[in-house]
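Residue-level structure breakdown
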Amino acid sequence: MSTQYVYMEKNKDVATVYFNRPEKRNGLNYEMWVAIAELMDECEQDKAVKVVVFRGVDETAFSAGADISEFKTLRYTAVGADKYNRATLIAEEKIMRLSKPTIAMIQGFCVGGGCEIAVACDFRFSDPNGKFGITPAKLGLVYNLPGTKNVVDLVGPAKAKDILYTGRLLEAEEAFRIGLIDRIYPAEEIVEKTYEYAALICKNAQFAVRGSKYIIGKVLEGETEDTPEIAKLVLDSFETEDYREGVAAFLEKRRPAFKYS
């Protein structure tokens, strides 16, 4: 499902989800969260998609957070807020659980719900103008557990407390220094560099890429030993056509041509 405010374009192996409310710095409303969840379902089911990139429609903002007008409408009561919160949790969970790698390409503001989406992704690339913050303390709200865990996993508990307790904005350099983002690219290069990185992932064996993502997710959930599912995943990789192609290419000293999707 695409809307006028959230839509997706596919180019070969890469799907791009655009936030399209530049006049509101891509402020996220309820319908946008619902659309994001449905687009993740589409990406999961589409075998041609290997990587998903999230970005703003232009360089002004990734997303500055929630659409504040809904604080006086849908989110003004506990019942409405619960409906909204469920939509955000579902979307966030689908981004995190997507079997395919995700990249947040950040230009400008990445605040509140925007930062929530970014930290749910596998990677966060920013230009020097990126500004980051999670601001529920300034609204009298409590941030959800999955979003909080993502921040703690990235920067550690002390820095997560700093971000959440103060609600302050971090410039790109500080965000990079503490591990909230992975790379800073010049503003004129970030689009090219982001899609070059996506293409690098797409060239590899996707069973291996997705298997690695699954196992890393289990590590972050606290697993310390192989489960039967993980053991099966490891052994199944030896039965794939891509494994045979990878071995052949190595022995023949050529670049592998993986086919799995």
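Shown above is the structure to which this text applies.
These lines cover the structure that appears in this document, whether it is placed above or below. Remember, it's a predicted structure, so these values are computed and weren't measured experimentally. (Residues numbered from 1 in each chain as written. Predicted model: local features only at pLDDT ≥ 70, side-chain atom pairs only at ≥ 80, totals over all residues. Heavy atoms only, no water.)

Attention shifts here to the overall build of the chain. Assigned secondary structure in the chain consists of 10 helices and 10 strands. A globule of 261 residues ought to have a C-alpha radius of gyration of about 18 Å, and the chain, at 19 Å, matches this closely. Overall size of the chain, expressed as C-alpha extent along the three principal axes, is 65 × 40 × 35 Å. Per-residue burial for the chain yields a buried fraction of 44% across its 261 residues. (Helix = DSSP H or I, 4+ residues; strand = E, 2+ residues; numbered from the N terminus. Rg over C-alpha atoms; globule rule 2.2 N^0.38 Å. Buried < 20%, exposed > 50% of the residue type's maximum accessible area, 1.4 Å probe, protein only.)

This part takes up the pattern of salt bridges. The tally for this structure, following the rule as stated, stands at 18 salt bridges. The partner of Lys50 in a salt bridge is Asp13, with the nearest N and O atoms 3.9 Å apart. In this pair, Lys50 is assigned in the loop between helix H1 (30–45) and strand E3 (51–56) and Asp13 in the loop between strand E1 (6–11) and strand E2 (14–19), connecting sequence segments 37 residues apart. Here Lys50 falls in the buried class, since its relative accessible area comes to 11%. In this structure, Glu252 and Arg254 form a salt bridge, with 2.6 Å as the shortest nitrogen-oxygen distance. (Salt bridge = Lys/Arg side-chain N within 4 Å of Asp/Glu carboxyl O.)

Our next topic: the environment of Glu196. Considering the arrangement of structural elements, one finds Glu196 in helix H7 (residues 190–202). Relative accessible area serves as the criterion here: at 42%, Glu196 is assigned to the partly exposed category. Distance in space between the C-alpha atoms of Glu196 and Phe207 is 20 Å, their sequence separation being 11 residues.

Right, let's get into the nonpolar core. Residues Ile36 and Phe54 are the most contacted members of the largest nonpolar core, which totals 47 residues. It is H1 that provides the largest number of residues to this core, a total of 9 residues. Once residues lying within four places of it in the same chain are set aside, the contact partners of Phe54 are Val17, Phe19, Ile36, Met40, Phe62, Ile95, Thr102, Ile103, Ala104, Met105, Ile117 and Cys121. Within the second largest apolar cluster, 13 residues are counted, among which are Val53, Ile103, Ala198 and Ile201. (Core = buried A, V, L, I, M, F, W, Y, C linked by side-chain atoms within 4.5 Å. Contact = heavy atoms within 4.5 Å.)

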